[in-house]
Amino acid sequence: MMTGRGLFGELPEQTEPRADAAPRGAPRLREPMRDQVELRAVDIDSLIGQDHPARVIWAYVEGLELSELEDRVKARENRPGHPAPSPRLLLALWLYATSDGVGSARALDRLCDSHDVYRWLCGGVSLNYHTLSDFRVGCADLLDRLLSEHLAALSKAGLVDLEKLTQDGVRIRANAGAGSFRREATLDRQMAQAQAVVEELKREVDADPEASNRRIRAARERAARERSERVQAAQTALAEIKRKRKQLDEKGGNGKKPKEPRASTTDPQARVMKMADAGFRPAYNVQVASAAGELIVVTVEIDNNGSDRGLMRPMLERTRALLKCFPRRHLVDGGFCSAEDIEWAHGEGIEVYCPPTKSRSGVDPFLPRSGDGPGVLAWRARMASEAGKAQYKARSICECIHARWRNWDLRQLTVRGIDKVRAVVLWYALTNNILQGHRLANA
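Just so it is clear, the model here is predicted, and its values are computed rather than measured. (Residues numbered from 1 in each chain as written. Predicted model: local features only at pLDDT ≥ 70, side-chain atom pairs only at ≥ 80, totals over all residues. Heavy atoms only, no water.)

K.L.:
Describe the nonpolar core, with residues and values.
P.N.:
In a soluble, globular protein the nonpolar side chains are often hidden away together inside. L91, L93, L95, L108 and W405 are the most contacted members of the largest nonpolar core, which totals 64 residues. With twelve residues, helix α16 (residues 418-441) is the single largest residue contributor to this core. Each residue touching L93, except ones within four places of it in the same chain, is listed here: L108, C112, Y118, L121, C122, L127 and L132. Among the nonpolar cores identified, the runner-up in size contains 21 residues, and F336, I342, W344 and A345 belong to it. (Core = buried A, V, L, I, M, F, W, Y, C linked by side-chain atoms within 4.5 Å. Buried < 20%, exposed > 50% of the residue type's maximum accessible area, 1.4 Å probe, protein only. Helix = DSSP H or I, 4+ residues; strand = E, 2+ residues; numbered from the N terminus. Contact = heavy atoms within 4.5 Å.)

If you want it as structure tokens, here you go:
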């Protein structure tokens, strides 16, 4: 066994530490200083990769003809006024924000200052949330045109077949609470109270000599007037609900005892609907027509009926106005099954693929019935055949569009009214087609 001296004998001899050595002092460290100002050289184009989806969206937007939006800009050469942000930029921002699950103008405004992708899109252009919010709901006509043109380009390139379409509905939560729904007597009482407040505040504004107090009272008067307008809109919606119920009663009703109708003072056009989780909430019924077997949206419609029954014909008429012809085949789920619509579609040369409703008596739904017309008879035979069932399998793909929109956080709307809801849904439809069309073109 080797001793410690023999093993480490060649090492230099170590000196013992001196007991009276000077103290070492505090450690020298580099601490973060976040209040200092620094200058950076930043290449904006290098903030995102070359294959980033934002570049796909910008490449699409760059090739658009947007003179109709540019004509609305009030700032002109040789005239005073601050330059407006480019409509091309606003369009690209909302398209990418939609794919990123951003549905708030204020959130998008913050991202334009802090997030590299949005900073790349902005390219140094400053924005505010009010401009972003107005643009989002104010260009539904443009979005309609762009959706049609993009769809035509995909069809011309052979990437999508418009001979066979599918239709499906999804209920999206409205921007209204269940507690905002009022019955007729309550609405009448609130209307009288709101009008009394408006008249009283008007008199106070006219009689008050102090400018500051007059402005405060004017703001209160405006708020009371807007409240009165919302209640009036709810009364109009209530009258429409009563009219539809009367039509349903004339047709024999639905076998249920009707409850007293109510309308929302927050969003009068919203209706309480049964949702996917079997709960009941204020919502809109978003109808989507898409190319069968492909995740490409053809058109969208917004309805406030809780049922899909009777909504097949309006969608087919809209697709004819859009495509200049009817599709040869139309695939829908059982909720759309209406003998009246099927007969009409048969007369227009459209083959409807829809599973028949099972009867409580247990009768085979594919067997002909005494009251069936030629269209319904052909439909029952078609759905009973193996070829018809094979054709119908392509319908399930369209539900992936709704799933994608859910992933993009389209769960509850942030706007009110059918027109604004439709504008928001069109953003999702166009964004979906741009990204899906890019994948098809590069597959």
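There's plenty left to go through after this.
K.L.:
Go over unusual backbone geometry, please, and point to the residues and values.
P.N.:
The phi torsion of most residues other than glycine is negative, and most of the peptide bonds are trans. A positive phi angle, near 75°, is found at A278, a position not held by glycine. The partly exposed category is assigned to A278, whose relative accessible area is 47%.

K.L.:
Now, about helix α4 (residues 87-99): what can you tell me, with residues and values included?
P.N.:
Its 13 residues place the ends of α4 19 Å apart at the C-alpha level, agreeing with the 18 Å of an ideal helix rising 1.5 Å per residue. Among the 13 residues of α4, 13 are classified as buried, and the element is accordingly described as predominantly covered. Capping the start of α4, S86 holds a side-chain oxygen 3.1 Å from the backbone nitrogen of R88, two or three residues further along. Among the residues trailing α4, G101 stands out with phi positive, at a value near 75°. (Expected span 1.5 Å × (residues − 1). Polar contact = N/O pair within 3.5 Å; in protein donor to acceptor, adjacent residues only side chain to side chain.)

K.L.:
Could you give me a rundown of the pairing of strand β6 (residues 297-303), with the residues and numbers involved?
P.N.:
Within β6, six of the seven residues are buried, leaving the element largely enclosed by the surrounding structure. Connecting strand β5 (residues 280-291) to the antiparallel partner β6 that follows it, the hairpin turn spans five residues, and G293 within it adopts a positive phi of roughly 85°. (Pairing = 2+ DSSP bridges.)

K.L.:
Let's hear about the packing of α4 against α16: which residues, and what values?
P.N.:
Where α4 meets α16, the axes come as close as 9 Å, and the angle between the chain directions of the two elements is 85°. As summarised for this structure, α4 and α16 are arranged roughly perpendicular, according to the angle between their axes. Where α4 approaches α16, its residues L91, W94, L95, T98 and S99 are matched on the opposing element by W427, Y428, L430, T431, I434 and L435. For the contact of α4 with α16, the per-class residue count stands at eight nonpolar, three polar and no charged. (Axes fitted to C-alpha atoms, helices over the stretch in contact; angles between N-to-C directions. Parallel < 35°, antiparallel > 145°, perpendicular 65-115°, else oblique. Nonpolar A, V, L, I, M, F, W, Y, C, P; charged D, E, K, R; others polar.)

K.L.:
Go over the side chain of R404 with me, naming the residues and quoting the values.
P.N.:
With respect to the helices, strands and loops of the structure, R404 is situated in helix α15 (residues 399-407). In this structure, R404 is buried with no salt-bridge partner, the nearest side chain bearing the opposite charge being E294 at 9.4 Å. Within the local environment of R404, its side chain forms a polar contact with the side chain of Q436, the two groups lying 3.1 Å apart. In this structure R404 touches L295, N432, Q436 and R439, once residues within four positions along its chain are discounted. (Lys, Arg positive; Asp, Glu negative; His and termini not counted. Salt bridge = Lys/Arg side-chain N within 4 Å of Asp/Glu carboxyl O.)

K.L.:
Can you lay out the environment of L295 for me, pointing to particular residues and giving the numbers?
P.N.:
Tracing the backbone shows L295 in the loop between β5 and β6. Apart from residues no more than four positions distant in its own chain, L295 is found in contact with I397, C400, I401, R404, N432, N433 and Q436.

K.L.:
For the environment of R313, give the residues involved together with the corresponding values.
P.N.:
Its place among the elements puts R313 in helix α11 (residues 312-323). Considering only alpha carbons, one finds R313 and W344, 31 residues apart in sequence, at a separation of 7.9 Å. Once residues within four sequence positions are removed from consideration, R313 is found in contact with D341 and W344.

K.L.:
Before we move on, can you summarise the state of the cysteines with the specific residues and values?
P.N.:
In total, this model carries zero disulfides according to the counting rule given. Summary of cysteine pairing: C400 is not part of a disulfide, and the nearest cysteine sulfur, belonging to C398, is at 8.3 Å. (Disulfide = S-S within 2.5 Å.)

K.L.:
Could you give an account of helix α5 (residues 105-114), naming the residues involved and the relevant values?
P.N.:
Among all positions of α5, only A105, L108, D109 and C112 are buried. What you see down the axis of α5 is that its buried residues fit within an arc of 105°, all on one side. Of the exposed residues in α5, the ones pointing more than 90 degrees away from its buried face are R110, D113 and S114. Between a side-chain oxygen at the N-terminus of α5 and the backbone nitrogen of R106 the separation is 3.3 Å; the capping residue is S104. (Arc of directions from axis to C-beta.)

K.L.:
Give me the lowdown on the packing of α4 against helix α7 (residues 129-137), citing residues and values where you can.
P.N.:
Their axes nearest at 10 Å, the elements α4 and α7 cross at an angle of 80°. With respect to α7, the element α4 is oriented roughly perpendicular. Contacts between α4 and α7 involve P87, L90, L91, L93 and W94 from the former and T131, L132, F135 and R136 from the latter. Across the contact of α4 with α7, the residue classes tally to seven nonpolar, one polar and one charged.

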